[in-house]
Amino acid sequence: MESLKVALVFNHVEKSIQVADQLKHLLVTSGNQIDQDNPDIVISIGGDGTLLSAFHLYSHKLDQVRFLGVHTGHLGFYTDWRDYELEELVDTLCNNQEANVSYPLLDIVIQYRDDRADKHFLALNESSIKSIHRTMVGEVFMKEQFFESFRGDGLSVSTPTGSTAYNKSIGGAVLHPSIEAIQLAEIASLNNRVFRTIGSPIVVSKEDWIEIKLPQGSECLITIDQFNIQQEEVASVIYRVAEEKIRFASYRHMDFWHRVREAFIGEHQRRNEI
Ligand code: NAP
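Calculation rules
Along every chain, residues carry numbers that run from 1 in the direction the sequence is written. Local features in this predicted model are restricted to residues of pLDDT 70 or higher, and side-chain atom pairs are both shown and tallied only at a pLDDT of 80 or more, whereas totals for entire chains, interfaces and linings draw on every residue. Each side-chain value is worked out from all heavy atoms of the structure, with water and hydrogens disregarded. UniProt positions are given in the numbering used here, feature names are shortened, and annotations may be inferred rather than shown by experiment. We call two residues contacting when some pair of their heavy atoms lies within 4.5 Å. Domains are outlined according to an automatic or database domain assignment. The buried area of a pairing is the accessible area, by a 1.4 Å probe, that goes missing from both parts when the two are put together, added over both. For this analysis, a polar contact is any N or O atom pair within 3.5 Å, provided that within protein one partner can donate a hydrogen and the other can accept it, and provided that sequence-adjacent residues contribute only side-chain to side-chain pairs. Helix and strand labels come from DSSP, where a helix needs a run of H or I of at least four residues and a strand needs a run of E of at least two; each type is numbered from the N terminus. We call a residue near a molecule or strand when any one of its heavy atoms sits within 4 Å of it. For our purposes a nonpolar core is just a set of buried Ala, Val, Leu, Ile, Met, Phe, Trp, Tyr and Cys residues, chained together by side-chain atoms within 4.5 Å. Remark: exposure states derive from per-residue accessible area (1.4 Å probe, protein chains only) relative to the maximum for the residue type, with buried under 20%, exposed over 50%, and partly exposed in between. Criterion for a salt bridge: a side-chain nitrogen of Lys or Arg within 4 Å of a carboxyl oxygen of Asp or Glu.

- As recorded by an unreviewed UniProt entry, the chain carries the name NAD kinase and is attributed to Enterococcus lemanii.
- Among the UniProt annotations of the chain, the heading Catalytic activity (unreviewed entry) holds the following wording: "NAD(+) + ATP = ADP + NADP(+) + H(+)".
- Of the chain, the UniProt comment under Function (unreviewed entry) reads exactly: "Involved in the regulation of the intracellular balance of NAD and NADP, and is a key enzyme in the biosynthesis of NADP. Catalyzes specifically the phosphorylation on 2'-hydroxyl of the adenosine moiety of NAD to yield NADP."

Following this line, the structure appears as structure tokens:
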């Protein structure tokens, strides 16, 4: 059995701190090391938000790191293990290196009007563009082709696993994570004879990309998962399915649609009318 280097990322909820202590003990006594700087495995303890933070802490090491989520609250989309299953988790992690799964990420490039270099980011859930002072105005291009003029609160581009987060709240579709695509969704678009948008979410394949061009002088707020970047003189933001993926270790298969039902529909019973 190979010794693993494991990093722990947890939120400040008391339960998560306790679970982190227990996990640390179990991992070390079964011959593994805690290594926050150069891990093979990153275990997040908390909720989906905690896994998002863990992803951004280690997003520069995606080729060497696998993630695993323990939930100390409600069942999440990135968290498979419960806080009372820690011994089984450590055992599976040490003895079953096969159960891996990977999910698509969003690649983001911000280009400026001035001589600033392009900025490059990865998102696990989504990125959105909003205007700071007034209504957001932008031109949407698919590849190099003009698609629409947008005016409204903003635009969001999400990954399949992010489709159940902000994207869902703004009317986007829920996408199965096996689909390698990104989704563009509108946030309160204004439609008239000048600004005309498709008015529905669109799903773009990994061969295509979305470019959102912004007008000169505009100041915008670009969100990347839980981060906000306030920027002036952005010329355009380009979104595509990233080359990189996030890999999960010791993944326990739960049917995605079952998970969606558990999260959003819950206990509502069939009415048995059909
Ligand atoms: P956060 O506390 O990290 O997350 C906000 C909520 O979104 C939490 O309940 C979190 O679940 C849930 N969440 C995160 N990723 C999810 C996913 N892939 N599917 C379903 N639910 C998910 O808040 P934050 O730090 O401000 O922002 C992080 C994320 O929150 C963003 O990426 C965005 O998607 C989401 N958000 C949603 C809205 C909205 O729906 N109106 C508004 C702002 C931000 P846990 O409780 O398990 O952590």
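### Overview of the UniProt feature "active site" (unreviewed entry) in the chain
And then number 1: Summarizing the sequence annotation, UniProt attributes the feature "active site" (unreviewed entry) to Asp48 in the numbering used throughout.
And then number 2: What Asp48 contacts, discounting residues up to four positions off in sequence, is Gly76, Phe77, Tyr78 and Thr79.

### A closer look at the domain arrangement of the chain
And then number 1: Here the chain is partitioned into domain 1 (5–99 + 250–268) and domain 2 (104–243).
And then number 2: Taken over C-alpha atoms, the centre of domain 1 sits 29 Å from the centre of domain 2.
And then number 3: Between domain 1 and domain 2, the contact holds 14 residues from the first and 17 residues from the second.
And then number 4: Carbon and sulfur atoms make up 74% of the surface buried where domain 1 meets domain 2, a total of about 1300 Å² over both sides.
And then number 5: Sorting the residues of domain 1 by area buried against domain 2 places His56, Tyr78 and Phe256 first, and these three jointly supply 41% of that buried surface.
And then number 6: The interface formed by domain 1 and domain 2 holds 5 residue pairs in polar contact (both at pLDDT 80 or more) in total.
And then number 7: Those elements that place two or more of their residues in the side of domain 1 that touches domain 2 are helix H2 (48–57) and helix H5 (256–264).

### Remarks on the site of the ligand
And then number 1: Near the ligand lie 16 residues; those nearest to it are Asp48, Gly49, Glu126, Thr164 and Ser169.
And then number 2: Take His74: an N or O atom from its side chain is 3.0 Å from an oxygen atom of the ligand.
And then number 3: Between the ligand and the protein, one listed contact pairs an oxygen atom with a side-chain N or O atom of Ser169 at 2.4 Å.
And then number 4: Sorting the residues of the shell around the ligand by element identifies H2 and helix H4 (166–169) as the ones contributing at least two each.
And then number 5: Taken domain by domain, the shell around the ligand gets at least three of its residues from each of domain 1 (5–99 + 250–268) and domain 2 (104–243).

### Quick word on the nonpolar core
And then number 1: In this structure, Leu184, Ile210, Ile212 and Tyr239 are the most contacted members of the largest nonpolar core, which totals 27 residues.
And then number 2: Sequence-distant contacts of Ile210, that is, excluding residues within four places in its chain, are made with Val140, Phe141, Met142, Val157, Ile182, Leu184, Val204, Val237, Ile238 and Tyr239.

### Topic: unusual backbone geometry
And then number 1: With a phi close to 55°, Lys143 is a non-glycine residue in the positive phi region.
And then number 2: Of note, Lys143 is situated in the loop between strand E9 (136–142) and strand E10 (145–158).
And then number 3: When its relative accessible area of 35% is taken as the criterion, Lys143 is described as partly exposed.
And then number 4: Its identity is not glycine, yet Asp225 carries a phi of approximately 50°, on the positive side.

### Digging into the pattern of salt bridges
And then number 1: Counting across every chain of the model gives 6 salt bridges.
And then number 2: Here Glu233 makes a salt bridge to Arg113, at a shortest N to O gap of 3.7 Å. In this pair, Glu233 sits in the loop between strand E15 (227–232) and strand E16 (234–248) while Arg113 sits in the loop between strand E6 (101–112) and strand E7 (119–123), placing the two residues 120 residues apart along the sequence.
And then number 3: A relative accessible area of 25% places Glu233 in the partly exposed class.

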